[in-house]
Amino acid sequence: MNTAPESTTTEPTTEPTTPEKRFPLSFGLNTFGDVTNDADGRPISQAQTIRDLVGHAVAAEEAGLDYFGIGEHHTDDMPLSAADVVLGAIAARTERIHLGSAVTVLSSDDPVRVFQRYSTLNALSDGRAEVILGRGSSIDSFPLFGFDLNDYEALFEEKTNLFAHLLRGGPVTWEGTTRRGLRDQDVVPHLDTPLPTWIGVGGSPESVIRTAHYGFSLMLAVIGGPVSRFAPYAELFHKALDQFGQEPQPIGLHSPGHVAATDEQAREEFWPHYRDMITKVSATRGFAIPTESSFLREIGPDGSLYVGSPETVATKIAKHLPIVGANRFDLKYGIPGMTDESLLTGIRLYGGEVVPRVRELLG
């Protein structure tokens, strides 16, 4: 997801949050369209990267997974700037798996166009579309589309409000300050089936409350530090839903990782590329440059990287879902520089071995 942990003063807790029993366990894959390398270590083209994603999604469906999401990015090594177009191609090649964003940076997009693109995807896929909205922790899209970072909060609040109006259907009347208002505007295509909508939250209690206010689902983007520190956000979400008079909503957990046959192989395939990527973005994103010791801590039992053999990754997922009260886990797979072969192997192991084991461990 294009969301990173935000600053917060919420006290961490290790007390598990009980998942809502009405929501079944589900498992997905997310990608940012990371450019892979060939067998000789040379980056493949951006065009081939995009084409390969269709095969990844087909493999995900064949492996029994429930969701395949593509996050919006605008960089040389993550060129997925039009996720919905790729998802349309995937919809034509699949029959069951749900498809959506991970995330759509709503702050620098137009809510009407986002709604139209994903309602179109919902029609093409026969009701399998979802959308995860986010403010965006990387800022590449703001100057690209001519938005002022000083309006970061106002843009997301107003555009989320408009998107909520659009989901209700019928002619839309809306006024705001960040774009022209609408008056009795019919927005097409109409939804024949619901469009599940999530908000990706990286650590802001205000974002959790906003998600509950609109009755959307909550996707916790945990990409660093102990997962247990996000348990208070799940508790806050349930309380806020109740206070706003909203129905219970699912909670998802999104984190990076890689699955291989053994722990050692998974680490060897993932670590050097993870180190290089985080080092590259550390100056603009405020991330600490990873060391081997910090990496080992993150792939350990309490960290936020799910890297290892199927048994190791399954055990960790089964431990963390109850802690944050989540009924869905989305593994963000892939790092720029990995090979397509290793990614496809990881997808098949995740769907074929990790997910069944998690279901077994959680009963």
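Thresholds applied
Residues numbered from 1 in each chain as written. Predicted model: local features only at pLDDT ≥ 70, side-chain atom pairs only at ≥ 80, totals over all residues. Heavy atoms only, no water. Salt bridge = Lys/Arg side-chain N within 4 Å of Asp/Glu carboxyl O. Helix = DSSP H or I, 4+ residues; strand = E, 2+ residues; numbered from the N terminus. Buried < 20%, exposed > 50% of the residue type's maximum accessible area, 1.4 Å probe, protein only. Axes fitted to C-alpha atoms, helices over the stretch in contact; angles between N-to-C directions. Parallel < 35°, antiparallel > 145°, perpendicular 65-115°, else oblique. Left-handed = near helix turned anticlockwise from the far one by under 90°. Contact = heavy atoms within 4.5 Å. Nonpolar A, V, L, I, M, F, W, Y, C, P; charged D, E, K, R; others polar. pLDDT = per-residue confidence, 0-100.

Draft legend 1. A look at the pattern of salt bridges. With the rule as written, the count across this model stands at 16 salt bridges. We note a salt bridge from Arg 42 to Asp 38, for which the minimum N-O separation is 3.1 Å. We note a salt bridge from Glu 360 to Arg 357, for which the minimum N-O separation is 3.0 Å. One end of the pair, Glu 360, and the other, Arg 357, are both in helix α11 (residues 340–361), three residues apart, so they sit about a helical turn from each other. Here Glu 360 falls in the exposed class, since its relative accessible area comes to 56%. On the basis of relative accessibility, which here comes to 25%, the residue Arg 357 falls in the partly exposed class. Counted as one network, the salt bridges with shared partners bring together Asp 38, Asp 40 and Arg 42.

Draft legend 2. Looking closely at the packing of helix α1 (residues 46–62) against helix α2 (residues 83–93). Contact geometry for α1 and α2: axes closest at 9 Å, N-to-C directions at 40°. As the angle between them shows, α1 and α2 are arranged oblique. Seen from above, α1 lies across α2 with right-handed handedness. Along the contact surface, α1 presents Ile 50, Leu 53, Val 54, Ala 57 and Val 58, while α2 presents Val 86, Ala 89, Ile 90 and Arg 93. Looking at the contact of α1 with α2 residue by residue, the classes come out as eight nonpolar, no polar and one charged.

Draft legend 3. Representation of the confidence of the model for the protein chain. With 89% of its residues at a pLDDT of at least 70, the protein chain reaches an overall mean of 90. Across residues 1–21, where pLDDT falls below 50, the model places 75 contacts with residues more than four positions away in sequence or in other chains.

Draft legend 4. Summary view of unusual backbone geometry. With an omega of 10°, the peptide bond running from Ala 102 to Val 103 counts as cis. Each neighbour pair has its own omega, and for Val 188 with Pro 189 the value is 0°, a cis peptide bond. Locating Pro 189 in the fold gives a position in the loop between β7 (182–185) and β8 (197–201). Of note in the backbone geometry, Asp 126 takes a positive phi value of approximately 60° without being a glycine. Judged by relative accessible area, Asp 126 falls into the exposed class, the value being 70%. Positive phi outside glycine occurs at Asp 184, with the angle close to 50°. A relative accessible area of 57% places Asp 184 in the exposed class.

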